[in-house]
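# Structural description and commentary
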Amino acid sequence: MTKWWNILAILVVALVFLSIGYYAGQLSNHTAQAPQKIVVTDDLGRNVTIYLPIKRVVSMDPSNTQMMYAIGAGNLLVADTSYDWWPAQAKNLPKVEMDNGTASVEEVVSYNPNLVLATTIQSSQIINQLESLGIPVLVLEPNNISGIYRDMYLLGNITGHKSGAVNEVNYMKNYIGNITSKIAGLPKLRVLYMLWPDPIYTAGNDTFINDIITTAGGINVAANLTGPWPIINNETILQDNPQVLLVDNGTGISNISYFKSNPLWSNISAVENNRVYIFNQTESNWMNEPGPLTIYAVKMVAQFLYPQVFNET
């Protein structure tokens, strides 16, 4: 009798331990599946609370879309804007922004995102409305190439694509390093970037376009003006006498005759020496959308400034 009671006692104890193990395992699984909350800082210095894992992302700017694809997180995007053009997959995503640039909060919400990527193009009202609905919004607005790297690391960290971000940033650094090594020691050239012809809008010091110009070996003649996108007057242009003129595709200027026939420009060094580069649409996108394609903007500008060292076969 004692033998059977001992066996029964052993079985009861075993069942108790099995039950404890089962419920502990269930508790462990429940804890592992609970969303993890992290707080990150965006480019406006805002602390943004994000719940992981990120599964559905709406991008409200081409530069953000490009960074997501570049780090390998493009599969998380459920919608982008009508301005997105790279990579090809981005053009096929549903759009949350009309051609006039006005975002629809209702449409963004309809895609049930747990993260929205924005820039300062979107109004604070739109951002506040989304966040009031419990949707975190990261505003990414890098003002230099290092800021692009920082944003890629940030996106890699919150989307689970850290290695993709590291690989892309390293590729960009090496690509730019090869360019800067070629132009090292060459005399720097005075450059004016024209965003709009009348009045003449340009890129100031605290912009990624300024960083593109300086990285490519130029001196931005508008760097001392006030504000990131200042108007430059005729007197300043004549005084600075830029040696190279870079013209955005959005200006509507199609060839150098616009400058040759204009009294303001005809005696400027860049025009006299035919050092005027008018971008096509893709090249303007490279210059205006800070992200993985910025490296091509750096090379494009460097090639125009110093063609003698870029004799590619």
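Scroll up to find the structure this text is about.
Residues numbered from 1 in each chain as written. Predicted model: local features only at pLDDT ≥ 70, side-chain atom pairs only at ≥ 80, totals over all residues. Heavy atoms only, no water.

## Section: the sheet that holds strand β3 (residues 57–59)
The four strands are arranged β4-β3-β5-β6 in an open sheet whose pairing can be described as parallel. If you trace the sheet from one side to the other, it starts and ends with β4 (77–79) and β6 (137–139), each paired once. The sheet shows a mean angle of 30° between the axes of neighbouring strands, direction not considered. Relative to β4, β3 is paired through two bridges, and the arrangement is parallel. By the bridge assignment for β4, valine 57 is matched with leucine 77. (Pairing = 2+ DSSP bridges. Helix = DSSP H or I, 4+ residues; strand = E, 2+ residues; numbered from the N terminus. Axes fitted to C-alpha atoms, helices over the stretch in contact; angles between N-to-C directions.)

## Quick notes on the pairing of strand β1 (residues 36–41)
Pairing of β1 with strand β2 (residues 47–52) involves six bridges; the strand directions are antiparallel. In the sheet register, isoleucine 38 faces β2, and the bridge partner there is isoleucine 50. Following β1, the chain reverses through five residues before pairing antiparallel with β2; glycine 45 in that reversal takes a positive phi of roughly 80°.

## Brief notes about a nonpolar patch on the surface
A contiguous nonpolar patch, built from Trp196, Tyr201, Trp229 and Ile231 and spanning about 400 Å² of accessible area, is present on the exposed surface. Position of tryptophan 229 relative to the elements: it lies in the loop between β10 (218–220) and α9 (234–240). Tryptophan 229 sits in the partly exposed class, given a relative accessible area of 39%. (Patch = residues over 30% accessible without salt bridge, like charges linked within 9 Å, V, L, I, M, F, W, Y side chains within 5 Å. Areas by Shrake-Rupley, 256 points an atom, 1.4 Å probe, with all protein chains shown as cover. Salt bridge = Lys/Arg side-chain N within 4 Å of Asp/Glu carboxyl O. Buried < 20%, exposed > 50% of the residue type's maximum accessible area, 1.4 Å probe, protein only.)

## A closer look at the side chain of threonine 119
In this structure, threonine 119 sits in the loop between β5 (115–118) and α5 (124–132). Among the residues examined, threonine 119 registers a relative accessible area of 3% and is labelled buried.

## Comments concerning helix α12 (residues 281–288)
What α12 keeps buried is the set Glu283, Ser284, Asn285 and Met287. Considering only its buried residues, α12 is in contact with β7 (189–194), α8 (208–215), β12 (276–278) and α13 (294–305). A distance of 3.1 Å separates the backbone nitrogen of threonine 282 from a side-chain oxygen at the start of α12, and that oxygen is part of asparagine 280. (Contact = heavy atoms within 4.5 Å. Polar contact = N/O pair within 3.5 Å; in protein donor to acceptor, adjacent residues only side chain to side chain.)

## Describing the packing of aromatic side chains
Aromatic rings in a pair are described by how distant their centres are and how their planes are angled relative to each other. As enumerated under the stated definition, the model contains nine aromatic pairs in all. Measuring from centroid to centroid gives 6.0 Å for tyrosine 171 and tyrosine 175, while their planes differ by 50°, and the two rings are tilted. Within this pair, tyrosine 171 and its partner tyrosine 175 are both found in helix α7 (residues 162–183), separated by four residues, close to a single helical turn. When the ring of tyrosine 258 is compared with that of phenylalanine 259, the centres are 5.0 Å apart and the planes differ by 80°; the resulting orientation is edge-to-face. Residue tyrosine 258 is classed as partly exposed on the basis of its relative accessible area of 33%. In this structure phenylalanine 259 comes out as buried when scored by relative accessible area, which is 0%. Taken together, the ring pairs connect Tyr171, Tyr175, Trp286 and Tyr296 into an aromatic cluster. The ring of phenylalanine 304 has arginine 275 sitting right over it, with the charged end atom 5.1 Å from the ring centre. (Phe/Tyr/Trp six-rings, centres within 6.5 Å; stacked < 30°, edge-to-face > 60°. Lys NZ or Arg CZ within 6 Å of the ring centre and 35° of its normal.)

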